[in-house]
Amino acid sequence: MYRFLLQPRWLVFHVIVLVAVPVCAALGLWQFHRYGEHKASGDTGEKVSAAPAVPLGELVPVGGKVETGDRGRAVTVAGSYDAARQVVVPGRRLDGRTGSYVVTPLIVPGGAAVVVNRGWVAGTNVPAPPVGPVTVTGRLEWSEAEHTSDADRATDLRAGQISMISTAELVNVVPYPLTDGFVALTTQTPPADSAALAPMPPVKDAAGGGMSGRAWQNLGYTAQWFVFAGAAVFLWWRVVRREAEEREEAREAEVLAELGVTT
């Protein structure tokens, strides 16, 4: 009854389904992993560790990720600022005023760089970073994500501006590897020449119960891909079943015709 399943065109159909199902399942698992990452970035809220500062490289090596337990830790990192690639993040509020964060890559030994949020400035006069070697002490933070609190994406950006302090955005600005996340500067040695910059306050809870919009989006995509996988299996079963039924009806009609029975 089901010998037709071994015909070439049916074998091609089987292969398509056999490929589609694991691909959809893999994409669903990947989206679920991304959901977990974005949920973590929005559900721990304001966090500042009281532990002593440690070298950044001990927590986040180049190519590594900022772990949940490390966010808010005080870290130190030494290097030289790349003033030519300094950018600002406009539209950020502090104490009821709107200004910009000043973000400068800090090139560390080995050629990689650490993103440093040097602080908040009210006007358009952005102070230049110090020249030469510096040691930065600050708070380790995740890269910002859309829909998280204190991270509304700015629009109508001008040259030298970015919408978020995000490694994913900054890799398009700098020519060297970047350490994940960023350091919100609290102190610096030697100290900065200008007092115009106010330190970035700790990130607060995301709106909507701690779940970012991107996390909800990833969760929706997870369900979507698993539905696609199930739909592919159902489609295969339905097509095979219909073909078998049609063939069975055709055989019954042939038998009845041979017997001279009309329907």
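My aim in this report is to walk through the structure given alongside it, one point at a time. (Residues numbered from 1 in each chain as written. Predicted model: local features only at pLDDT ≥ 70, side-chain atom pairs only at ≥ 80, totals over all residues. Heavy atoms only, no water.)

The secondary structure content of the chain amounts to four helices and seven strands. Going residue by residue from the N terminus, the α and β elements of the chain occur as α-β-α-β-β-β-β-β-α-β-α. The buried share of the chain, taken over its 263 residues, is 40%. Here the analysis covers contacts within the chain between residues at least 6 apart in sequence; of these, 71% occur between residues at least 24 apart. Surface accessibility of the chain: about 14,700 Å² in total, with carbon and sulfur atoms responsible for 60%. (Helix = DSSP H or I, 4+ residues; strand = E, 2+ residues; numbered from the N terminus. Buried < 20%, exposed > 50% of the residue type's maximum accessible area, 1.4 Å probe, protein only. Contact = heavy atoms within 4.5 Å. Areas by Shrake-Rupley, 256 points an atom, 1.4 Å probe, with all protein chains shown as cover.)

On to the environment of Thr-186. Relative to the assigned elements, Thr-186 resides in strand E7 (residues 182-189). In contact with Thr-186, other than residues within four places in its own chain, are Thr-137 and Gly-138.

Bringing the side chain of Asp-180 into the picture now. Structurally, the position occupied by Asp-180 is in the loop between helix H3 (167-170) and E7. It is Lys-65 that comes nearest to the buried, bridge-free Asp-180 among opposite-charge side chains, at 4.2 Å. Within the local environment of Asp-180, its side chain forms a polar contact with the backbone nitrogen of Val-66, the two atoms lying 2.8 Å apart. In contact with Asp-180, other than residues within four places in its own chain, are Val-60, Gly-64, Lys-65, Val-66, Ser-143 and Thr-167. (Lys, Arg positive; Asp, Glu negative; His and termini not counted. Salt bridge = Lys/Arg side-chain N within 4 Å of Asp/Glu carboxyl O. Polar contact = N/O pair within 3.5 Å; in protein donor to acceptor, adjacent residues only side chain to side chain.)

Moving on: the nonpolar core. The biggest cluster of nonpolar side chains holds 19 residues, and the ones touching the most others in it are Leu-56 and Val-136. At the level of elements, helix H2 (56-59), strand E2 (74-81), strand E5 (113-121), strand E6 (133-141) and E7 are the ones that each hand at least two residues to this core. Leu-56 has contacts with Val-75, Thr-76, Val-77, Val-114, Leu-140, Thr-179 and Val-183, leaving out every residue within four places of it along the chain. Membership of the second largest hydrophobic core comes to 18 residues, among which are Val-87, Trp-120, Ile-162 and Leu-178. (Core = buried A, V, L, I, M, F, W, Y, C linked by side-chain atoms within 4.5 Å.)

Here we come to the packing of aromatic side chains. The relation between two aromatic rings is expressed through the spacing of the ring centres and the mutual angle of the planes. A complete count under the given rule lists three aromatic pairs for this structure. Seen from their ring centres, Trp-10 and Phe-13 are 5.8 Å apart, and the 75° between their planes marks the pair as edge-to-face. Here Phe-13 and Trp-10 lie together in helix H1 (residues 8-43), a separation of three residues that amounts to about one turn. Just as Trp-10 is buried, Phe-13 falls in that class too. Relative to Phe-228, the ring of Trp-225 lies with its centre 5.5 Å away and its plane at 85°, an arrangement referred to as edge-to-face. Pair noted here: Trp-225 and Phe-228 are both in helix H4 (residues 213-258), with a separation of three residues, about one helical turn. (Phe/Tyr/Trp six-rings, centres within 6.5 Å; stacked < 30°, edge-to-face > 60°.)

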